[in-house]
Amino acid sequence: MTQNEFHRAAVHIVGGGLAGSEAAWQVAQRGVRVELHEMRPHRTTAAHRTGGLAELVCSNSFRSDDAANNAVGLLHAEMRRLESLVMRCADANQVPAGGALAVDRDGFSSAVTKALGDHPLIEISRAEVAGLPPADWRNVIVATGPLTSAPLADAIGALTDESALAFFDAIAPIVHRDSIDMSKAWFQSRYDKAGPGGSGADYINCPMTEAQYHAFVDALIEGEKVDFKDWESDTPYFDGCLPIEVMAERGRETLRHGPMKPVGLTNPHDPTVKPYAVVQLRQDNKLGTLYNMVGFQTKLKHGAQTRIFRTIPGLESAEFARLGGLHRNTFLNSPKLLDPQLRLRAEPRLRFAGQMTGCEGYVESAAIGLIAGLYAASDARGRMLSAPPPTTALGALLGHITGGHIETIDAGPRSFQPMNINFGLFPPLAHPPTKTPDGTRLRGNEKTTAKKQALCARALSDLDRWITDALHPAAAA
């Protein structure tokens, strides 16, 4: 096969983040050639620091791995059943994180990069795709993420005649473990819950008194912030990734009910006194030498970060491996611009995946890359693939992206916003559980727990049926 013939026959995937990497794997595993285009390291971004594929730039956590009670844990389980490369590499590079699945960043990226580089049907091209992909690329997945280069973003905007809506993702600081004062801080997971590879004592906790907390909130609000550029003005934040100082500005108690909530934690240095607030740090690498300040994404200037964060008990002498920062996120008005198979209505040869489509989070981005890869592979093989059932986490997330949203609310801005997977996206149960297996009536939180478990069980059952009927119909016959 000549190079020109390869270009015409291959599925072209633009962007080597989690979505693009997962899409490439899914396409190649189905016997279809892939050309994966990644501009790094020849052209980098403000947030990336390596040329590795699937580099994690914001957090090392894939969040909860509980497939029986949690929507993102359910998404993990569904992706594993579809032989996800991202989940395989995450499992192989996990670090302790309580009830969460967290990974060693460098090990994870290296594993993804090696798997894709070793695949005989994948060719990795280290060059920027500036502007729209060439017209002879007939099957394209655009998975360039929140940091899409300006030429490509402008070309997409011109093609859709739709102004991109942007928001900020803020990066949390990372602290050297040996600079934390453990005479004030302590190890404990909330409610002593152990997660994958964890012990139930996987977070470092720094307590605050009421006076310390209010002084901290004042400092956050008054701290010097990064100035916005003209093109960044009036950019809305995604509520799931608000800068810590923005949360503080929304109310003095907001942080105590968010990332600094003290519930489920007891300070062994002073066990009879309940902390008024707690700052948690999560292990960031396998060696355990770096810890991430959980929920402390910020747009404070570096000098203000160092000064303010060293007022936290236990962090007075903290040494920072990385301070917080900002990057802009751009996403499409997907329900209007994309069809149910993630293709651009204005030019169906272009399919989109990852955060550009309006999902939020590493797991969700990879999941949409997985689905886009399955669709692209089916197109390449001349087959039609049905969507995963809306009762599954994959189907619910896809439904959020491709339909069901009104254009505006009260003549205001469009309602479509980035979303993490959550049970609110799932169709309700036809018959919600009301009793335990032994016939006892469910009460209070028991009902909520039973409902989540029923949603998860339904999802996995329906996904298994879809895998058999849609992905492997010959085997079913």
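Up top is the structure.
Along every chain, residues carry numbers that run from 1 in the direction the sequence is written. The predicted origin of the model limits local features to residues at a pLDDT of at least 70 and limits the giving and counting of side-chain atom pairs to 80 or more, whereas totals for whole chains, interfaces and linings rest on all residues. Side-chain numbers here rest on the full set of heavy atoms in the structure, without hydrogens or water.

Undergrad: I'd like a rundown of the overall build of the protein, residues and numbers included.
TA: A run of DSSP states H or I qualifies as a helix once it reaches four residues; a run of E qualifies as a strand once it reaches two. Both are numbered from the N-terminal end. Looking only at helices and strands, the protein has 14 helices and 17 strands in total. Looking at the protein as a whole, 55% of its 477 residues are labelled buried. In what follows, residue pairs with any heavy atoms lying within 4.5 Å of each other are defined as contacts. In the protein, of all internal contacts separated by at least 6 residues, the share reaching a separation of at least 24 is 72%. On the protein, roughly 19900 Å² of surface is accessible, and the fraction owed to carbon and sulfur atoms is 53%. For the exposure calls, accessible area comes from a 1.4 Å probe over protein chains only, and a residue counts as buried if that area is under 20% of its type's maximum, exposed if over 50%, partly exposed in between. In this description, accessible areas are obtained by the Shrake-Rupley approach with a 1.4 Å probe, and a residue is regarded as covered only by the protein chains that are shown.

Undergrad: Could you give an account of the packing of aromatic side chains, with specific residues and numbers?
TA: Between rings of Phe, Tyr and Trp, where Trp is taken as its six-membered ring, a pair exists when centres lie within 6.5 Å; planes separated by under 30 degrees are stacked, by over 60 edge-to-face, and by other angles tilted. Counted according to the given criterion, the structure contains 6 aromatic pairs. With 5.5 Å between their ring centres and 50° between their planes, F423 and F426 make a pair best called tilted. The residues F423 and F426 share a single accessibility class, namely buried. Taken together, F216, F296 and F309 form an aromatic cluster joined through their ring pairs. Only lysine NZ and arginine CZ atoms are considered, and such an atom sits over a ring when it is within 6 Å of the ring centre and within 35 degrees of the ring normal. Over the face of the ring belonging to Y276 we find R256, whose NZ or CZ atom lies 3.8 Å from the ring centre.

Undergrad: Describe the sheet that holds strand β12 (residues 277–283), naming the residues involved and giving the relevant values.
TA: The rule for pairing is simple: two strands pair if DSSP sees at least two bridges between them. The strand order across the open sheet built from 6 strands is β10-β11-β12-β13-β9-β14, with neighbouring strands paired in antiparallel fashion. Since the sheet does not close on itself, it has two edges, and those belong to β10 (186–187) and β14 (320–322), each with one partner. Across 6 bridges, the pairing between strand β11 (residues 203–208) and β12 is antiparallel. Within β12, the residue paired with C206 across the bridge is V279.

Undergrad: Kindly report on the pairing of β12, identifying the contributing residues and their values.
TA: Where burial is concerned, most of β12 is hidden: 7 out of the 7 residues are buried. Relative to strand β13 (residues 290–293), β12 is paired through 3 bridges, and the arrangement is antiparallel. Residue Q283 lies in a different strand from β13, and its bridge partner there is Y291.

Undergrad: Provide a residue-level description of the nonpolar core, including the pertinent values.
TA: Residues grouped as a nonpolar core are buried Ala, Val, Leu, Ile, Met, Phe, Trp, Tyr and Cys residues, joined through side-chain atoms within 4.5 Å. If you look at the biggest cluster of nonpolar residues, it comprises 87 residues, and the most contacted ones within it are F62 and F108. Those residues in contact with F108 that sit more than four places away from it in its chain are L18, A54, L56, F62, V86, C89, A90, N93 and V103.

Undergrad: Explain the pairing of strand β1 (residues 11–14) to me, and be specific about the residues and the numbers.
TA: Here β1 shows no split at all, with V11 and I13 on one side and H12 and V14 on the other all buried. As judged from the 4 bridges shared by β1 and strand β2 (residues 34–37), these two strands associate in the parallel manner. From the neighbouring strand, V14 faces β2, where its bridge partner is H37. Pairing between β1 and strand β7 (residues 140–142): 3 bridges, direction parallel. When the sheet's bridge partners are listed, I13 is paired in β7 with I141.

Undergrad: Mind laying out a positive patch on the surface, listing which residues take part and the relevant values?
TA: Where like charges cluster on the molecular surface, the positive patch consists of K435, R441, R443 and K447. Position of R441 among the secondary structure elements: in the loop between α12 (393–402) and α13 (445–471). Residues qualify for a patch when their relative accessible area is over 30% and they have no salt bridge, like charges being joined within 9 Å and the nonpolar side chains of Val, Leu, Ile, Met, Phe, Trp and Tyr within 5 Å. Salt bridges are defined as contacts in which a side-chain nitrogen from Lys or Arg sits within 4 Å of a carboxyl oxygen from Asp or Glu. None of His or the chain ends enter the tally, which takes Lys and Arg as positive and Asp and Glu as negative. The atom standing in for a charge is NZ when the residue is Lys, CZ when it is Arg, CG when it is Asp and CD when it is Glu.

Undergrad: Lay out the environment of G15 with the relevant residues and their values.
TA: Inspection of the secondary structure assignment puts G15 in the loop between β1 and α2 (18–28). Overall, the relative accessible area of 8% leaves G15 in the buried class. For the pair G15 and I141, spaced 126 residues apart in the sequence, the C-alpha separation amounts to 8.6 Å. Look past the residues within four positions of G15 in its chain and what remains in contact with it is G20, S21, L36, H37, E38, A143 and T144.

Undergrad: Outline helix α9 (residues 302–309), listing residues and values.
TA: By the burial criterion, the buried members of α9 are A304, Q305, T306, I308 and F309. The elements touched by buried residues of α9 are α7 (210–222), β13 and β14.

Undergrad: I'd love a proper account of unusual backbone geometry, names of residues and values included.
TA: Most peptide bonds adopt trans geometry, and most residues besides glycine take a negative phi value. A positive phi is found at R63, a non-glycine position, where the angle reads about 65°. Along the chain, the position of R63 falls in strand β3 (residues 61–64). Of note in the backbone geometry, E83 takes a positive phi value of approximately 55° without being a glycine. A residue is classified by how much of its surface remains accessible, and E83, at 59% relative accessible area, is exposed.

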